[in-house]
Amino acid sequence: MQMNAWVGEDYFALFGLARAFRLDLQALASAYRGLLDRCHPDRFARASDAERRRALENATYVNHAYVTLRRPLERARYLLELEGVDCLSDRFAAEPPEFLVEQMQWREAIEAARNNGDCAGLREIGRRLDEKCAALESELVRLLDEDRDFNRAAKQLRMLSFLEAIRRDLGRLAQTLGEADAV
Amino acid sequence: MLFEIREPGGVAPSGERRRAVGIDLGTTYSLVATVDPDGKGRVLTDEEGRWLLPSVVRYQPEHTAVGWDAWGKRSEDPANTIVSVKRFVGRGRADLPAAAERTYRLAEGGGMVRFKTCAGIKSPVEVSAGILSVLRARAERELGGDLEGAVITVPAYFDESQREATRDAARLAGINVLRLLSEPTAAAVAYGLDRGSEGLYAVYDLGGGTFDISILRLSRGVFEVIATNGHTMLGGDDFDQRIADWLATKAGLAHADVGPVDAGILLDAARTAKEKLSSEDQVAVRTALSEGRMVEARLTRAEFEHITADLVEQTLIPVRRALRDANLSPGSLDGVVLVGGATRMPRIRRAVARLFGREPLTDIDPDKAVALGAAIQAEMLIGNRSDSLLLLDVIPLSLGLETMGGLAEKLILRNSTIPVAQTQEFTTFKDGQSAISIHVVQGERELVADCRSLARFELRGIPPMPAGAARVRVTFQVDADGLLSVTAREQHSGVEAAISVKPSYGLTDDEIGEMLRSSLLHAREDVEARALVEARVEGERMLIALERAIGPGGVGFIDETEKSTVNRLASALRRLLGEGDARRIRQATEALNRATESLAARMMTTAVREVLQDASKFPSAWAEGKG
């Protein structure tokens, strides 16, 4: 993350937002626009090479910060990082067995629906996955913003990441099928 | 350098109005536009009042013709008359369709294909530069003086090699490139500013040889591209080719019987027929081939639409993909804009209207929108335009590295807003390994073999370490033009290597230099004198910025020790500016730059706070996407 050291503050401070998982996305978006409006390389097209280089670094930094905060999982990961919890570390790699079982069940259900060409079934799985993710996310709000239990939050985040991956794959699958239909 | 915060909406500096243009370097036609002092966009014309310039260059031993003159000879002298050069830019011979080999004498050349002409071997970059030089001359004649710079548009779906090659062509034509801008984004600017539009818009851009779809969010002068997709080998030319093939079949000619000259004649007839069919239900084609043989046929619009239906359908696939990437349904858009001459075909309009469930917008001439939008951005970049306009473009294809087993590891994902950077750490896999080879690729596929190879370079001089101990950080930086540079640094030893992607398909700087020297397009320049001027300008700017920051009336932020160091370096620089050594001026500027780095950082932090206070003035209208 130390791509650029010119701002001594974290991404939340950069956009003038409180350091929390629950975030006003519209406030984030308008702060982002306000910052980029002033540091974008377009504003320095006629400036010296050094100024242009700095503008490039600044705008890159602001873009990176924005993307990180805009996506819930990345925002959670970043928050934990700020709190000194590295959720990629091995300490959290051991998943509770019931969760591994759950992952497998999702994958198997998708596989079965796919093999049967069951589009409605896939949609239903997608709906259930969405629900599950939303529930985990609101639990994450509680763990991060209220309980400040960062170790449990890190575990929760890993589960959520796995489910997100399944959800992404499912989305891709559904669209491939949809595209094949449409063509 | 000190970070200078500009006031958006600030007035352009007084003095002479600077000359800047937008250039649409198209597959079949190119054009140049400007914004007049009254704020109105205008496409510039040649001395005969024509605003389109055919993107055609004809080489003869003593003379090179560009535009209409060359256009007139393309059937007569096809091998020396390069049409649709944009399809060859940044491409290797293997990338090209077989038809290209039938028309031209092609040669390999450092990755990018070359044309063998009677005036020698020409690269697509040189051919493009020929077109750009004519546009530059036109602009300078119309605007009455030297151009300060130009915004040049490229298809949104152009990859790194093609963008690099386009920028090289502009350099070769003596044009200062202010920015490479995506064509659909340029069109959106022309539309958005014209109509004061807000919301989600799709731009469907079918040009002569390329197809782009971009989805943008427009809000208060901010044009944010959310997703883009396209096809760099699909355009109006393909529709012409279909009609030409149909005519050949009707005339009982096999593919092999049609020589390059007849192929050109048939294409001309096809193009005329296609254009007529946009307003008529049927057209009678009657044309004479080179040996006097007549080709006669009647083509109805229904038949035309039948033989090109799959081409229309091919454009809808990228549209659906872009919508999916943007996480939007077709019906959720606030408008769809049609750009590119090929969108005049009624069949295209119907297909787009059906997919999006709304009539597309066509009130700006689809041939002019891109150049006009580019001209607006050029005005802003050059400082003539006082309102703030912010274009946030994306990279169209993911950028990555080759990892073990020939897999492509993506570092920057497609549709990332530029500028963007990403860093990843790699390590050695053998004890004592002293070099690491870095292969930069672009594309969405998993296997390197299926992606486009952009560049290879090596990081050497890693000190001996056990396998896995070295830590090589590879950083990808994509700038606001969408151009990539890659650096690799071993963290323990500090060994570093960098490359700005001069792709395998591009030209080396030496080649460009050689072309510049040998080219008649460009006057020979005194390189050293230029370097000195540039170094002085840079040094002076540095001193001015410093004065503004710490001089009387400056903003402060500096303690006495820091101030004395900075002042010492500043006076050294001032002294050197009076002498004639570019290298020493650069060194002194760089030293001062380093000494003021932390000062600049503190100023930035303060500036950020000010922005945030301002940001509260923008209420929630800048809606968040679903992405």
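Here the structure is a predicted model, which is why all the values come from computation and not from measurement. Here, residues in each chain are numbered from 1, in the same order as that chain's written sequence. As they are written, the chains are lettered A onward and the ligands numbered 1 onward, keeping that order. For this predicted model, a pLDDT threshold of at least 70 governs which residues receive local features, and a threshold of 80 or more governs which side-chain atom pairs are given and counted, while totals over whole chains, interfaces and linings are taken from all residues.

**So, the overall build of chain A**
The helix and strand inventory of chain A stands at seven helices and zero strands. Working definition: helices are DSSP H or I runs of at least four residues, strands are E runs of at least two. Numbering for both runs from the N terminus. For chain A, the succession of helices and strands along the chain, N to C, is α-α-α-α-α-α-α. Neighbour density around each residue's C-beta defines its exposure: 20 or more other C-beta atoms within 10 Å make it buried, 12 or fewer make it exposed, and counts between make it partly exposed, where C-beta atoms are placed from the backbone. Sorting the 183 residues of chain A into buried and exposed places 33% on the buried side. Each residue is represented by a C-beta atom placed from its backbone, and any two residues with such atoms within 7 Å are regarded as in contact. Contacts spanning at least 24 positions in sequence make up 60% of the contacts within chain A whose residues lie at least 6 apart.

**Some words on unusual backbone geometry**
Residue and element names in this part refer to chain B. Cis geometry is adopted by the peptide bond preceding P419, which originates at I418 and carries an omega value of 0 degrees. One can find P419 in the loop between β21 (407–412) and β22 (420–426). The backbone of S84 shows a phi angle near 50 degrees, a positive value even though the residue is not glycine. Its place among the elements puts S84 in the loop between β7 (81–83) and α2 (98–103). By the C-beta count within 10 Å, which is 17 here, S84 ends up partly exposed. Of note in the backbone geometry, N415 takes a positive phi value of approximately 65 degrees without being a glycine.

**A short note on the sheet that holds strand β20 (residues 399–403) of chain B**
Residues and elements named next belong to chain B. Two strands pair if DSSP finds at least two bridges between them. As summarised here, the arrangement of the four strands in space is β21-β20-β23-β24, forming an open sheet in which the pairing is antiparallel. Strand pairing shows two members of the sheet lacking a second neighbour, β21 and β24 (452–459), which therefore form its edges. Pairs of neighbouring strands in the sheet enclose a mean axial angle of 30 degrees, with direction left out of account. Pairing between strand β23 (residues 436–442) and β24: seven bridges, direction antiparallel. Axis lines are fitted to C-alpha atoms, over the contacting stretch for helices. Their N-to-C directions set the angle, which ranges from 0 to 180 degrees.

**Notes on the domain arrangement of chain B**
The domain limits used here are those given by an automatic or database domain assignment. Partitioning chain B into structural domains gives domain 1 (20–183 + 365–386), domain 2 (236–309), domain 3 (399–513) and domain 4 (527–615). The centre of domain 1 of chain B, based on its C-alpha atoms, is set 31 Å off from the matching centre of domain 3 of chain B.

**Quick look at helix α3 (residues 49–70) of chain A**
Residue count minus one, scaled by 1.5 Å, sets the expected span of a helix. End to end, α3 of chain A covers 31 Å across 22 residues, agreeing with the expected 32 Å (1.5 Å per residue, within 8%). Counting buried positions along α3 of chain A gives 16 out of 22 residues, so the element sits mostly inside the fold.

**Details of the environment of E146 of chain A**
Residues and elements named next belong to chain A. Within the secondary structure, E146 is located in helix α6 (residues 119–146). The exposed category is assigned to E146, around which 11 C-beta atoms lie within 10 Å. Separated by 126 residues in sequence, E146 and A20 place their C-alpha atoms 9.5 Å apart.

**Description of the pairing of strand β16 (residues 282–288) of chain B**
Residues and elements named next belong to chain B. As defined by bridge partners, β16 adjoins strand β17 (residues 294–300) across seven bridges and the pair is classed as antiparallel. Within the sheet, the bridge partner assigned to R286 lies in β17 and is E296. Hairpin connection of β16 to β17: five residues between the antiparallel strands, including G292 at a positive phi of 85 degrees.

**Description of the confidence of the model for chain A**
Interpretation of the predicted coordinates at a detailed level should be avoided for regions scoring low in pLDDT. Per-residue confidence from the prediction method is given by pLDDT, with values spanning 0 to 100. With 85% of its residues at a pLDDT of at least 70, chain A reaches an overall mean of 83. Within the model, the stretch residues 1–8 of chain A combines pLDDT values under 50 with 16 contacts to residues more than four positions away or in other chains.

**Some remarks on the confidence of the model for chain B**
Residues and elements named next belong to chain B. Summary statistics for chain B give a mean pLDDT of 84 and a share of 87% for residues scoring 70 or more. Within chain B, the lowest mean pLDDT, 52, falls on helix α12 (residues 509–518), and the highest, 97, falls on strand β1 (residues 20–25). Note that pLDDT drops below 50 for residues 516–526; the model gives that stretch 12 contacts with residues more than four away or on any other chain. Model confidence for the complex: the whole-complex pTM is 0.78, and ipTM, which rates the interface, is 0.84.

**Some points on the sheet that holds strand β8 (residues 106–107) of chain B**
By definition, the strands of a sheet pair up through backbone hydrogen bonds, in either a parallel or an antiparallel sense. Residue and element names in this part refer to chain B. Taken together, three strands build an open sheet; the order of strands is β8-β9-β10 and the sheet is antiparallel. Pairing within the sheet leaves two strands with one partner each, and these edge strands are β8 and β10 (120–122). In the sheet, strand β9 (residues 114–117) pairs with β10 via three bridges, with the strands oriented antiparallel. Within β10, the position partnered with K116 by the bridge is I121.

**A look at the environment of V370 of chain B**
Residue and element names in this part refer to chain B. Looking at the element boundaries, V370 is found in helix α11 (residues 369–382). The exposure class of V370 is buried, given the 34 C-beta atoms found within 10 Å. For the pair V370 and A269, spaced 101 residues apart in sequence, the C-alpha to C-alpha distance is 27 Å.

**With respect to the packing of helix α14 (residues 560–577) of chain B against helix α15 (residues 582–595) of chain B**
Residue and element names in this part refer to chain B. As a packed pair, α14 and α15 sit with axes 9 Å apart at the nearest point and diverge in direction by 160 degrees. Taken together, the axes of α14 and α15 are roughly antiparallel relative to one another. The two elements α14 and α15 meet at a crossing, and its hand is left-handed. Here α14 contributes T565, V566, L569, A570, A572, L573, L576 and L577 to the contact with α15, which in turn contributes R584, I585, A588, T589, A591, L592 and A595. The class makeup of the residues in the contact of α14 with α15 is 12 nonpolar, two polar and one charged. If an angle is under 35 degrees, it is roughly parallel; if it is over 145, roughly antiparallel; if it lies from 65 to 115, roughly perpendicular; otherwise it is oblique. Helix crossings fall into two classes, left-handed where the near helix is turned counterclockwise from the far one by less than a right angle and right-handed where it is turned clockwise. Ten residue types, Ala, Val, Leu, Ile, Met, Phe, Trp, Tyr, Cys and Pro, are classed as nonpolar, four, Asp, Glu, Lys and Arg, as charged, and the remainder, Gly among them, as polar.

**Structural notes on the pairing of β1 of chain B**
All names here are of chain B. Of all six residues in β1, six are buried; the element is thus mostly enclosed. Residues A20, G22 and D24 of β1 are buried on one face, and the alternating residues V21, I23 and L25, pointing to the opposite face, are buried as well. Here β1 runs beside strand β11 (residues 149–154); their pairing, made up of five bridges, is parallel. Note that in β11 the partner of A20 across the bridge is G149. Direction of pairing for β1 relative to strand β2 (residues 29–35): antiparallel, over a ladder of four bridges. From the neighbouring strand, G22 faces β2, where its bridge partner is A33. Between the end of β1 and the start of β2, which pair antiparallel, lie three residues.

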